[in-house]
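Analysis of the macromolecular model
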Amino acid sequence: MAFLQQWRRFNFFDKEVVKHPDTNQIYDKLKGINISVCTSGKGQIIVGDYEGNLYFIDRNLQISSFPAYEQVVTHIFQLRQHNVLVTIGQDESGINPVIKVWNFDKVDRMGIPKCSRITRALPGTMNPSRVIALSVSDNMNMMAVGFEDGTVTLIKGDVTVERHSKTKTIHSGGKPVTGLYFRHTQRNTYLFVVTENMVLSYNVTGKDAKKEVLDQHGCSQRCTVMSDSTQDCQLIIGRHDAVYFYHLDGRGPCLAFEGEKRLLHWYRGYLIIVGKDSKNIPRVQTSSGQTRHMDIVTVYDIQNKFIAYSGPFPEVVDVVCEWGSLYVIAGDKLFQLPEKDTQTKLEMLFKKNLYVVAINLAKSQHYDEDGLVDIFTQYGDHLYNKGDHDGAIGQYIRTIGNLEPSYVIRKFLDAQRIHNLTAYLQALHTKSLANEDHTTLLLNCYTKLKDNTKLDEFIMTKDKVDFDVETAIKVCRQAGYYKHALFLAEKHDQHDWYLKIQLEDIKDWQKALQYISRLNFEGAESNMKKYGKTLMSEVPTETTELLKSLCTDYKPKDAPIVDQDMMAGGIPTVNRAAAEEFIHIFVNNSRKLMEFLEHMTTVQPNSPEIIYNTLLELYLHDMAHESDSRLQVRLEEKSMNLMQHIDAGYDIDQALVLCQMHDFKKGILYLYEKAKLYQQILRYHMDHDEYEQVLVTCKRYGKQDSNLWVQTLAYFARKEDSCKKYITEVLSHIDKMNLMPPLLVIQTLAHNSTATLSVVKDYIIRRLQLENDQIHEDERLIQQYQQETEKMKGQIEDLKTSAKIFQVSKCSICNHPLELPSVHFLCQHSYHQHCFEGYAENDQECPVCAPENKKVQDIIRAQEQSRDLHEQFHRQLEKSTDGFSVVADYFGRGVFNKVTLVTETSSSHQRKPMPESIPVKTLPAAQIKPITRSSSPLATQQQSSSQNVSPSRAQPSQARQQPQVRQQPRQQPVSQARQPPASQARQPPASQTRQPPASQARQPPISQPPRTQPTMQSRQPQRQPAQQTRPVVSQSRQQPRAVTPNSAAQQASNNPFDEEDSGTNPFDEDNAYDKSLNPFE
């Protein structure tokens, strides 16, 4: 009883008398039934009586029955998984037990189930014996029957049919059998056998049942029961002193429940014991005056170790469970013990502060997680209020994951409870549910407690961390635990934090640099950009070496020389940082920067221009501030070598600015020369009055830029010193290269007071002589062209007025005598008709003369296409040494085909309008085709000649001062202009005419006669007869050339040497000189 008093008693079941659902009266249908046995299952309560009837009570408390035996029903067994009922009873007087199997799936019209098997229950001794125990396996292939004489008979086979069944006695003894129960495992089937003096188990899977004695003490009848899976399907035996549990291999625990036990029953993890206690409970009397003894029904919660219910019942017949509730049949009444819901039970326990019992109860009832957390929280609050902080924190730890941690942390923030808070935070980190604040708080707790052991265990001994690493590093660093912070940063690759602690807190520069050198390329590059300036100021040499490695071919120090990719045959990866991104690191150490940049330009000649620019700037800066002459010379050599290096990618403009800033003469002159800035080289020597170098520059670069001589002359002309020697040499080169007009030379030297006539005497005489020679040559050419023009006119006149006699006797293609039909051309070429048709590409041209004519036409076409190339014209005009020749060339191409009339105030100088037409003579009709404008070579040559005439150059300034009137050329047929007499030609004086170059003098396109004012009569040309068949096609190049009237008139009007048109002489010294048009001024 002492043990029993330790179990708490609760009233978790309500005692209710079952009533009719319709009338609400006490259920009394069991009155008059002499109950012999009871069971339940398949939604009904089954009762057998001593008259052999079976009664079935359904959920609505409706009762049905049928007679199963003639005398008595002694045992009923309802299979849980099948709708089959096995009964044992008496059909005859005496001891004649009969086994009947009822199949409720098959019923007759009266609702009586089919009896599928009837077998006599006989013990192995064949002596009649009363049946005491019955058990059927769930798979319906075994049935065991226990007799009063201690015999146990095992029937194998389908229990529903008698056929193929085998009966075997597996146990025999002197004491009656009080309980039989089957126990199934994955491989075997066992049978528990309980007698009054023994507990045994038999392995009945095979042919021979293997016996094992579990206990030498048994129990009385109805004091055995089989638990469910919550208690591992153990056999429970009730004796007077205690309740015992048995496994397949022996006896288990026992519970000291003293008292006489009449009945044991199992219901949902509860053990129900019906016992007697006549000392404390009074007996009751019935209405007939009979006295009934009282039984105590006790419900034990085996798992949670408390009594769920205990109450008296009069003469308990049996206890059954069905429809989710517990029923007690007591006398002629049916009692129900409905279980209270779990929440009600918990509230009852909370009121009594029995939180441990509540927790166990909730777990056994498979309470959800949230429900358990609520219990743990209430339990923790209860313990906290009682002052049991250790117990409270234990309950709060069980709420981690569901309860907000801040609820617990606020309770234990007091310094006296820091130990409890530390335990809670540790558990929070263990479950990986801590955030940054929790980690910070825990580490602060460790540091406040000075618990280095715990701190080491938390940080250094865990392979897998359960906290935020960055937060832990911050807290340890703040608390001064640099060792722990460095350990975490290095272990978890927090490179930034590691370097911060090493450089800012510990100030161990070497370890920081070594750590960076062990990182991969990306990590080393980023950290050097961030901390390189600090490292350069402390350990410049080691930092520079690391940067050299990082910017060439970086490999971590700990990395193997040959990696897996190289062993597999792959191409090794070259990791190389951009050197220009690290220049800012050397802001206070120019020597190391120079060393670094020299290394980069050596190993990487194709480095970016900023590398070379910076290195050159360092050289020049140090050279300008260096006091040691030897070092200054060395830096000068380095600077020049850098600029002269073929692969140096520096910016010339920036380098030039640097050299000028530091007054580095060699560099300035070299860069000027490299950039082809010859003018700047000359200007540099002029600014420094280096006369000899000025002449050397002109001699060296004069061929590339002839204007250097002109500038040199102007430079010496401005000097008041005696520069006669230099001026003479400059004039000789200007004269040799024909760079300036003499007048401009004289005007330039007029500004120098020291330059006398003797300086320019030889130059002037030489130039005048050349001009005079050129004038004579021009006069000769003019006369020659006039004669050729007269000759051409005569030939044209002959073609117009007289017949052409063809006397060629041989074909110009096959050289055979001519035969009719034949083809004749005015060029004196004749062909057989079949030869002409076989060789001629065009029936309008002579095959022999066609190639030459095509060349002429191509030239004319090219000239016509180049008429609109104004940009090219201006560009050539600017670059040419003789602008007049360029204008003349474009004039000949027809660029200036629009007639420009320059008018003056005087009426005597007004230009007369151009005649509408020019008289021409028509050719008489002949047997050959006429000469047309499109195909005649004479017309073609005339047009070409008119376009190639080179007019003399007029003074542009005077032309702009006159009003201009433009007249579009008229479209007129090709005709021949009459040649004015040579005596009327007006030629400019030789002194006013500039002699063109010899190359132009040798190109006589067409002789241009001197312009006169003839009176022209208009005459319309006649159309050629349509019946003429084939034209005479070509004319040889040696034939005289003709000029069309329009082109002749245009050329005459554009003659710059015509005093009547211009009214001024372009070389008259009295005229104002327009200096704005001088490209050399």
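I will try to describe carefully the structure that is included in this document. (Residues numbered from 1 in each chain as written. Predicted model: local features only at pLDDT ≥ 70, side-chain atom pairs only at ≥ 80, totals over all residues. Heavy atoms only, no water.)

**Topic: the sheet that holds strand β5 (residues 53-57)**
Sheet strands associate in pairs through backbone hydrogen bonding, adopting either a parallel or an antiparallel arrangement. Short version of the rule: Pairs of strands are assigned from DSSP output, requiring at least two bridges between the strands. A run of H or I in DSSP counts as a helix once it spans at least four residues, and a run of E counts as a strand once it spans at least two, with each numbered from the N terminus. In this analysis an axis means a line fitted to C-alpha atoms, helices contributing only their contacting stretch, and an angle means the value between N-to-C directions, from 0 to 180 degrees.
The strand order β3-β4-β5-β6 describes an open sheet built from four strands, whose pairing is antiparallel. Two strands in the sheet have a free side with no partner beyond their single neighbour: β3 (35-41) and β6 (63-67). Here the average twist between neighbouring strands, direction ignored, is 20°. As defined by bridge partners, β3 adjoins strand β4 (residues 44-49) across six bridges and the pair is classed as antiparallel. By the bridge assignment, S40 is partnered in β4 with I45.

**Quick look at the pattern of salt bridges**
Using the following cut-off: Any carboxyl oxygen of Asp or Glu that lies within 4 Å of a side-chain nitrogen of Lys or Arg is treated as forming a salt bridge with it. Residue exposure (1.4 Å probe, protein chains only): buried if accessible area is under 20% of the type maximum, exposed if over 50%, otherwise partly exposed.
Tallied over the entire structure, the rule returns 33 salt bridges. Where D295 meets R262, a salt bridge forms, and the shortest distance between an N and an O atom there is 2.6 Å. Within this pair, whereas D295 is found in strand β27 (residues 294-301), its partner R262 is found in strand β23 (residues 260-267), the two being separated by 33 residues in sequence. Note on D295: relative accessible area 0%, which makes it buried. Across the pair R766 and D735 runs a salt bridge, and its minimum N-O distance is 2.1 Å. You can see R766 sitting in helix α27 (residues 757-801) and its partner D735 sitting in helix α25 (residues 724-737), a full 31 residues away along the chain. Connected through shared salt-bridge partners, E545, K548, K592 and E595 make up one network.

**Details of helix α12 (residues 495-506)**
Quick note on the threshold: Here, expected helix span is obtained from the residue count minus one, scaled by 1.5 Å.
In a regular helix each residue adds 1.5 Å, so 12 residues correspond to 16 Å; α12 covers 15 Å between its end C-alpha atoms and thus fits that length. Regarding α12, the residues found buried are W497, Y498, L499, I501, Q502 and L503. Looking one or two residues beyond α12, the residue adopting positive phi is K507, at roughly 60°.

**Observations concerning unusual backbone geometry**
The residue after L820, namely P821, is reached through a cis peptide bond having omega -5°. Along the polypeptide, P821 turns up in the loop between α27 and β32 (822-824). Residues other than glycine seldom take positive phi values, yet C233 does so here, at roughly 50°. On the secondary structure map, C233 appears in the loop between β19 (224-226) and β20 (235-238). The residue K305 is not glycine, and still its phi comes out positive at about 60°. Considering the arrangement of structural elements, one finds K305 in the loop between β27 and β28 (306-314).

**A few points about the packing of helix α23 (residues 691-701) against helix α24 (residues 707-718)**
The angle between the axes and the distance between the axes are what describe a pair of packed helices. Selection criterion: Small angles under 35 degrees read as roughly parallel and large ones over 145 as roughly antiparallel, with 65 to 115 read as roughly perpendicular and the rest as oblique. Take the far helix as the reference: if the near one is turned anticlockwise from it by less than a right angle, the crossing is left-handed, and if turned clockwise, right-handed. The contact rule is simple, with two residues in contact once any of their heavy atoms fall within 4.5 Å. We call Asp, Glu, Lys and Arg charged. Ala, Val, Leu, Ile, Met, Phe, Trp, Tyr, Cys and Pro are nonpolar, and the rest, Gly among them, are polar.
It is the contact of α23 with α24, at a shortest axis distance of 9 Å, that shows an interaxial angle of 160°. When the axes of α23 and α24 are compared, the pair comes out roughly antiparallel. As for the relative orientation of α23 and α24, their crossing is left-handed in sense. Every residue of α24 that contacts α23 at Y691, V694, L695, T697, C698, K699 and Y701 is listed here: L708, W709, T712, Y715 and F716. Looking at the contact of α23 with α24, its residues break down into nine nonpolar, two polar and one charged.

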